[in-house]
Amino acid sequence: MIKSICCIGAGYVGGPTMAVIALKNPHIKVTVVDVNQDRINAWNSQDLDLLPIYEPGLADIVAKTRNVNLFFSTNVDEAIDQSDMIFISVNTPTKTYGIGKGMAADLKYIELCARQIARVATTDKIVVEKSTLPVRTASTIKSILKQSHNNVKFEILSNPEFLAEGTAITDLLNPDRVLIGGDYHTEDGKNAIAALSGIYLNWVTGDKIITTNIWSSELSKLTANAFLAQRIASVNAMSAICEVTEANVDEVAYAIGKDTRIGEKFLKASVGFGGSCFQKDILNLVYIAKSFGLNEVADYWEQVILMNNYQKKRFAQKVVQKMFNTVSGKKIVLLGWAFKKDTNDSRESAAIDIANYLIEEQAELHIYDPKVTAQQIFSDLERITGDNLQQLQEKIHVYNSAEAIFNNAHAIVILTEWDEFKTYNYIDIKNQMLEPAFIFDGRNILNPAEMHQIGFQYYGIGK
Ligand SMILES: NC(=O)C1=CN([C@@H]2O[C@H](COP(=O)(O)OP(=O)(O)OC[C@H]3O[C@@H](n4cnc5c(N)ncnc54)[C@H](O)[C@@H]3O)[C@@H](O)[C@H]2O)C=CC1
Ligand SMILES: O=C(O)[C@H]1O[C@H](OP(=O)(O)OP(=O)(O)OC[C@H]2O[C@@H](n3ccc(=O)[nH]c3=O)[C@H](O)[C@@H]2O)[C@H](O)[C@@H](O)[C@@H]1O
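Residues numbered from 1 in each chain as written. Chains lettered and ligands numbered in written order. Predicted model: local features only at pLDDT ≥ 70, side-chain atom pairs only at ≥ 80, totals over all residues. Heavy atoms only, no water.

- The protein chain carries the name UDP-glucose 6-dehydrogenase in an unreviewed UniProt entry, which gives Paenimyroides ummariense as its organism.
- For the protein chain, the Catalytic activity (unreviewed entry) comment in UniProt is given as "UDP-alpha-D-glucose + 2 NAD(+) + H2O = UDP-alpha-D-glucuronate + 2 NADH + 3 H(+)".
- UniProt's Sequence similarities (unreviewed entry) comment on the protein chain is quoted here verbatim: "Belongs to the UDP-glucose/GDP-mannose dehydrogenase family." (UniProt positions renumbered as here; feature names shortened; annotations may be inferred.)

Pasting the structure below:
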C-alpha cells in the first residue's frame, strides 16, 4: 500500500498530475519537488493567480489539496527518501549539443534523477517514468539504480502522460486510458504494477488501465504523439491545396472526419502545430529509427516536421504577399502567443517563427496574449532573433490587454485560438485601423462572410 509519493519535476506535467493524484488519494502524501526555487515558490504562493502554470480548473484543485496532502518543496533528497513511489517528471528536451544534436532527446536530467535516487534512497522504491522517453530508457535507469550502495530494491515502471495542455485537468480526471508498462513476468513487477494501478483506480475504471511490457509503453507514447502530429500535418497539407482550388479545408475536414475510421478530432487546419512535445518527440523517433539504420522510417516521420515548418512559413509569406509584398514599417497586431488556447505555455509556438519572419521583413509588431507574460514573449524573441532585450523593446510592443492595440494598424494576425478573440467588436476595430484593413486568421476562428461584410480583407487557412 503506497503511503507517500514523490514527484521530481514541478512542471506542466508534474504539477497538474500530482494535484489530481492528491485530490483522488487523500490517504497518500504527495510531495512535488524541483530544483527551481522560483517555480516552487510560485506553486506555494497564496495568490492562486500566481501559480506557475495556467490550466483551467488547476487552481481549485491546488486550493483543496495544498498543505493537506499535496506539498511543493525544493528538498529533493528528503522527498525521495520518505516516499514509496517516485515519479520522474523532469524535462526531456531535444539535445542542443554533441551526438544527436537537434534530434535526440537530452536525457541528462533523467540520469541526474536516477543517480540522486540511487544515492539517497534507504528503503525500497517503485520508480515511475512519467517523462516522455526514448524506448529502452528504463534499462539505463535500471543500471544506474543498481549502483545504489544502500541495499535497496527498485522496481521500474513506465507510465507515460497523455494530457494535453489547456485541458490538463479534464484529461487527467477523465483519461481515455492509463498506460502502465512494467515487468509483468515477475512477482515484484506485478506488485509494482498493482500498486500504481491502485492509485488510478480511485477514479479511473479498470477497463481503461492498460498494462504492457515496459518497452511497448515507452514506445507507445512517442507513437501517439507522432500519429497525432501527423494528422495536423496532413490536414495542413490539404489546406495548401484548398487555397488554390476553392475547396474549403473546414468542409473537407468535416467530410472526412465523419468517416468513423478517420474520426473528427485533430483535423483543425492551423498555422502549424507547436508545443513542447510534438516536434521533440517526433525528432526523437526519427533519431531512434536512424540509429537502427531504418532510414526510410526516419524520413517518413521527419516529413511531418518539414510539413509543419512549411505551413508556418507559408502563412507568414501569405501575410507579406497579400499586403502588397511589403510589411516594412507597417503596424501588424499579433493576437495570441501561446501554442494553443487556455495555456500560458509558448514553447515551440508557431507564433515565434511567424513573428521572426515578419521582423525580418521589418514589420512593426504589436503583440497581445491573454496569459503569456511580456517577459516570456521577449525572451522567446531574444532566442529566435539573436537581438537583445533593449533592441527588441525599441521595435516590438507587448500589451496587457487588446483595448488599445488596434489604433492605426495595417493588419491583424491571429495566431492562437483564444475564445476572447471571437468576442471582439470587429466593426469598432475596423474603424480604428488603416485602409485596407487586413485580417489573417491563422486559426480559422472568425466568420469570413461577416469579416468581408465589415470591410476587412480577410484571409483564413485553407479557404
Ligand atoms: N507538457 C506536456 O503537455 C506534456 C509533457 N510530457 C512530458 O513530461 C516531461 C515533463 O514535461 P513538462 O512538465 O512540460 O516540463 P517542464 O519543463 O515544465 O518541467 C520539468 C521540471 O523538472 C525540473 N527538473 C529538471 N531536472 C530536475 C532535477 N534533477 N531535480 C528536480 N527537478 C528537476 C525543472 O526545473 C522543471 O521545473 C517531458 O518529458 C515531456 O515530454 C508528457 C505529456 C504532456
Ligand atoms: O506529450 C505531450 O506533451 C502531449 O502532446 C499533445 O498535447 P499538447 O501539445 O499539450 O497540445 P495539443 O492539443 O496536442 O496541441 C498541439 C498543437 O497542435 C495544434 N493543433 C491541434 C489540433 C488540431 O486539430 N490542429 C492543430 O493545429 C495546437 O494548436 C497546438 O499548437 C498531445 O495531444 C497530448 O496527448 C500529449 O500528452
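**Side note on the confidence of the model for the protein chain**
So, step 1. With 100% of its residues at a pLDDT of 70 or more, the protein chain shows a mean pLDDT of 97.
So, step 2. Scored as a complex, the prediction yields pTM 0.97 and ipTM 0.99. (pLDDT = per-residue confidence, 0-100.)

**Concerning the site of ligand 2**
So, step 1. Close contacts around ligand 2 come from 20 residues, with Leu-163, Ser-270, Cys-277, Lys-340 and Arg-443 the closest.
So, step 2. Backbone polar atom of Leu-163 to an oxygen atom of ligand 2: 2.7 Å apart, as the coordinates give it.
So, step 3. One of the side-chain nitrogen or oxygen atoms of Ser-270 is found 2.6 Å away from an oxygen atom of ligand 2.
So, step 4. Starting from 700 Å² of accessible surface for ligand 2 in isolation, the protein chains cover 90%.
So, step 5. Looking at the shell around ligand 2, the element that brings in the most residues is helix H9 (residues 214-245), giving four residues.
So, step 6. Residues that form the shell around ligand 2 fall into these classes: eleven nonpolar, three polar and six charged.
So, step 7. A domain-level breakdown of the shell around ligand 2 finds at least three residues from each of domain 1 (4-212) and domain 2 (307-459). (Near = heavy atom within 4 Å. Polar contact = N/O pair within 3.5 Å; in protein donor to acceptor, adjacent residues only side chain to side chain. Areas by Shrake-Rupley, 256 points an atom, 1.4 Å probe, with all protein chains shown as cover. Helix = DSSP H or I, 4+ residues; strand = E, 2+ residues; numbered from the N terminus. Nonpolar A, V, L, I, M, F, W, Y, C, P; charged D, E, K, R; others polar. Domains from an automatic or database assignment.)

**Details of the sheet that holds strand S14 (residues 457-459)**
So, step 1. Across the sheet, six strands lie side by side as S11-S10-S9-S12-S13-S14; this open sheet has parallel pairing. Sheet topology places strand S11 (396-399) and S14 at the edges, where each strand pairs with a single neighbour. On average, adjacent strands in this sheet sit at an angle of 15° to one another, irrespective of strand direction.
So, step 2. As paired elements, strand S12 (residues 411-414) and strand S13 (residues 438-441) share four bridges and run parallel to each other. Each residue of the ladder has a partner; that of Val-413, found in S13, is Phe-440.
So, step 3. Helix H12 (residues 295-322) rests against strand S9 (331-335), S12, S13 and S14 of the sheet, and its axis sits at about 165° to S13.
So, step 4. Its contacts with the sheet put helix H14 (residues 374-385) on strand S10 (364-368) and S11, and the angle it makes with S11 is roughly 150°. (Pairing = 2+ DSSP bridges. Axes fitted to C-alpha atoms, helices over the stretch in contact; angles between N-to-C directions. Contact = heavy atoms within 4.5 Å.)

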